[in-house]
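If you want the building blocks of each chain, they are given just below.
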Amino acid sequence: MTNAPRPYESYVYAYPHKTAYRPLADRPALRELWADERKDALSLYLHIPFCEVRCGFCNLFTRIGAPDELTTRYLDALDRQATAVADALHARAATGVRFAAAAFGGGTPTFLDAGELERLCDIAEKRMGADLRAVPLSVETSPSTATADRLSVLAERGATRVSIGVQSFVEEEAKAAVRPQRRSDVEAALGRIRDARIPVLNIDLIYGIDGQTPESWGLSLDAALAWRPEELYLYPLYARPLTPLGRRAHPSEAGWDAQRLDLYRRGRDHLLAEGYEQVSMRMFRRSDAPREGADDYACQTDGMIGLGCGARSYTSDLHYSFDYAVGMREIRSIIDAYTTTEDFSRAEVGRAVDAGEARRRHLLQSLLQAEGMAVEGYRERFGSRPADDFPAELDRFADLGWLDTDAGPGLLRLSPTGLAYSDALGPALFSPAVRAAMAAYEAK
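These notes cover the structure that comes with them. Here the structure is a predicted model, which means the values were calculated and not measured. (Residues numbered from 1 in each chain as written. Predicted model: local features only at pLDDT ≥ 70, side-chain atom pairs only at ≥ 80, totals over all residues. Heavy atoms only, no water.)

### Structural notes on unusual backbone geometry
Following Y15, the chain continues to P16 via a peptide bond in cis, the omega torsion being -5°. Position of P16 relative to the elements: it lies in the segment before β1 (22-23). Omega for the bond connecting G106 with G107 falls within 30 degrees of zero, at 15°, which places this linkage in the cis form. Looking at the secondary structure, you find G107 in the loop between β5 (99-106) and α3 (114-127). (Helix = DSSP H or I, 4+ residues; strand = E, 2+ residues; numbered from the N terminus.)

So, in structure tokens, the structure goes:
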């Protein structure tokens, strides 16, 4: 086996990454972009860029608070955007437009009050035509905003999954991650979610926090398991640029990598012993849990409609969004510009996805799932075999011991070591062009 790279290079939750996007010189009309796309099984994502606090590890597109009726102005703009997008989808649709899944993310969608959440659902249903009670609907929340009235709205409007970012049940660790919270408040929020009878509860936990030990990590795992969540996500902590933790000194790379890798393996083994199945490096599902939606790579599939200033949309050959930032001043400026936009009929910022990038994206998405990728399915889609398209990458993965040698010739599947190194494997599949664009991006 060759020397393995660092296990925590980057969390690949979308490809190409948004830092590879650039302003689109031709600003293509949405009705032209979507004219020849399949529209019978679209995914809908609504982005709410507001939180009560900014967690120390967070590099998501979100701001703290919403003064001066900003949420109202934001929903007004979201309504205008939805109207424009719906018009574009229906303009040249040979068949009906149908949504097969929906999600509200952020930020924290439940930063909105109950009445505003009703309006958000109305935008999805009345403007976009999504039948929220008939499709999987996932919503993100936080301990402080998972109130009974908000959860009641979500349950009544068809939410099938609620994901709550707990990160740690140990108050000292939550404080170290710049996410101050009391365990009693977290437990109360979990109780309210269960009382709302939403079918799937997901709990997010983070490992690698300053001061975290195997014992305290086990305490958080067991505290989460006490609620028998249908899903658990275990995230390694990252200290990203322009975030509060990114500005702090953190442990040496080698020591921190070893700590995180050890805690990952402990968490994985504990959940497997408790009757959970591993879906990806991060995602674990209770073996008897209902399947209320696609697995965790579904947010990257073609046919995604994203509404809101931090949302992305995906056609088969263009990914597009609005401008991206991590710094609070720039985020506020982008949100303000979004709320005053009247014309949402064109794509503003994005990146073309050619046949080669589509192959990379498909391989990356599929290989990072624990079940692996059927070689024949890849061949049917692209007319070639992954070993022909990516010989150097796959040979390297094999040399590193990242591929399961027992999977058979018809299946590309990661070994347990490969899954553990997902955050090194994903970036290794980036194309030179995408790497160059990401390197040239000026963080703001």
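Picking up after the structure, the text goes on.
### Things to note about the environment of E125
One can find E125 in helix α3. Its relative accessible area of 18% is what places E125 among the buried residues. Placed 32 residues apart in sequence, E125 and R157 show a C-alpha to C-alpha distance of 9.9 Å. Engagement of the side chain of E125 in a polar contact is seen with the side chain of R157, the distance being 2.9 Å. (Buried < 20%, exposed > 50% of the residue type's maximum accessible area, 1.4 Å probe, protein only. Polar contact = N/O pair within 3.5 Å; in protein donor to acceptor, adjacent residues only side chain to side chain.)

### Some thoughts on the packing of aromatic side chains
For any pair of aromatic rings, geometry is given as the distance between the ring centres together with the angle between the planes. This structure, assessed with the given rule, holds 17 aromatic pairs. Aromatic side chains Y11 and Y235 sit 6.0 Å apart centroid to centroid with 65° between the ring planes, which places their arrangement in the edge-to-face category. With a gap of 224 residues between them, Y11 in the segment before β1 and Y235 in strand β9 (residues 231-236) connect regions that are remote in the sequence. Relative accessible area serves as the criterion here: at 24%, Y11 is assigned to the partly exposed category. Each member of the aromatic cluster is reached from another via a ring pair, and the members are F50, Y74, F111, F322, Y338 and F344. (Phe/Tyr/Trp six-rings, centres within 6.5 Å; stacked < 30°, edge-to-face > 60°.)

### Side note on the side chain of D204
Locating D204 in the fold gives a position in strand β8 (residues 200-207). Look at D204: it is buried, it has no salt bridge, and the nearest opposite charge is R161 at 5.8 Å. Each residue touching D204, except ones within four places of it in the same chain, is listed here: S163, I164, G165, V166, Q167, Y233 and Y235. (Lys, Arg positive; Asp, Glu negative; His and termini not counted. Salt bridge = Lys/Arg side-chain N within 4 Å of Asp/Glu carboxyl O. Contact = heavy atoms within 4.5 Å.)

### Details of the pattern of salt bridges
Going through the model one piece at a time under the given rule, you end up with 27 salt bridges. Two residues, R127 and D79, come together in a salt bridge whose shortest N-O distance is 2.5 Å. Taken together, the residues R127 in helix α3 and D79 in helix α2 (residues 70-91) connect sequence positions 48 residues apart. The partly exposed category is assigned to R127, whose relative accessible area is 39%. Since its relative accessible area comes to 15%, D79 is described here as buried. Put simply, E118, D122, E125, R133, E156 and R157 are held in one network by salt bridges that share partners.

### Section: the pairing of β9
With 6 of its 6 residues buried, β9 lies for the most part within the structure. Alternating residues of β9 divide into E231, Y233 and Y235 and L232, L234 and P236, and every residue in both groups is buried. Across 6 bridges, β8 lies against β9 in parallel orientation. By the bridge assignment, I203 is partnered in β9 with L232. Taken together, β8, helix α7 (residues 214-225) and β9 constitute a β-α-β crossover, and its handedness is right-handed. Relative to strand β11 (residues 283-286), β9 runs antiparallel, the two sharing 3 bridges. Following the sheet pairing, E231 is matched in β11 by R285. (Pairing = 2+ DSSP bridges. Right-handed = clockwise from strand over helix to strand, strands pointing away.)

### Here we look at the nonpolar core
Note on soluble globular proteins: their nonpolar side chains tend to be buried together. Membership of the largest hydrophobic core comes to 116 residues, with the highest contact counts inside it found for L44, M128, L205 and I305. Among the elements that line this core, the one with the most residues is α2, at 11 residues. Those residues in contact with L205, other than ones at most four positions away along the chain, are V166, Q167, S168, F169, W217, S220, L221, A224, L232, Y233, L234 and Y235. In terms of nonpolar packing, the next biggest core, distinct from the first, is built from 9 residues, Y233, Y235, W256 and V279 among them. (Core = buried A, V, L, I, M, F, W, Y, C linked by side-chain atoms within 4.5 Å.)

These figures come from the coordinates and say nothing about function on their own.
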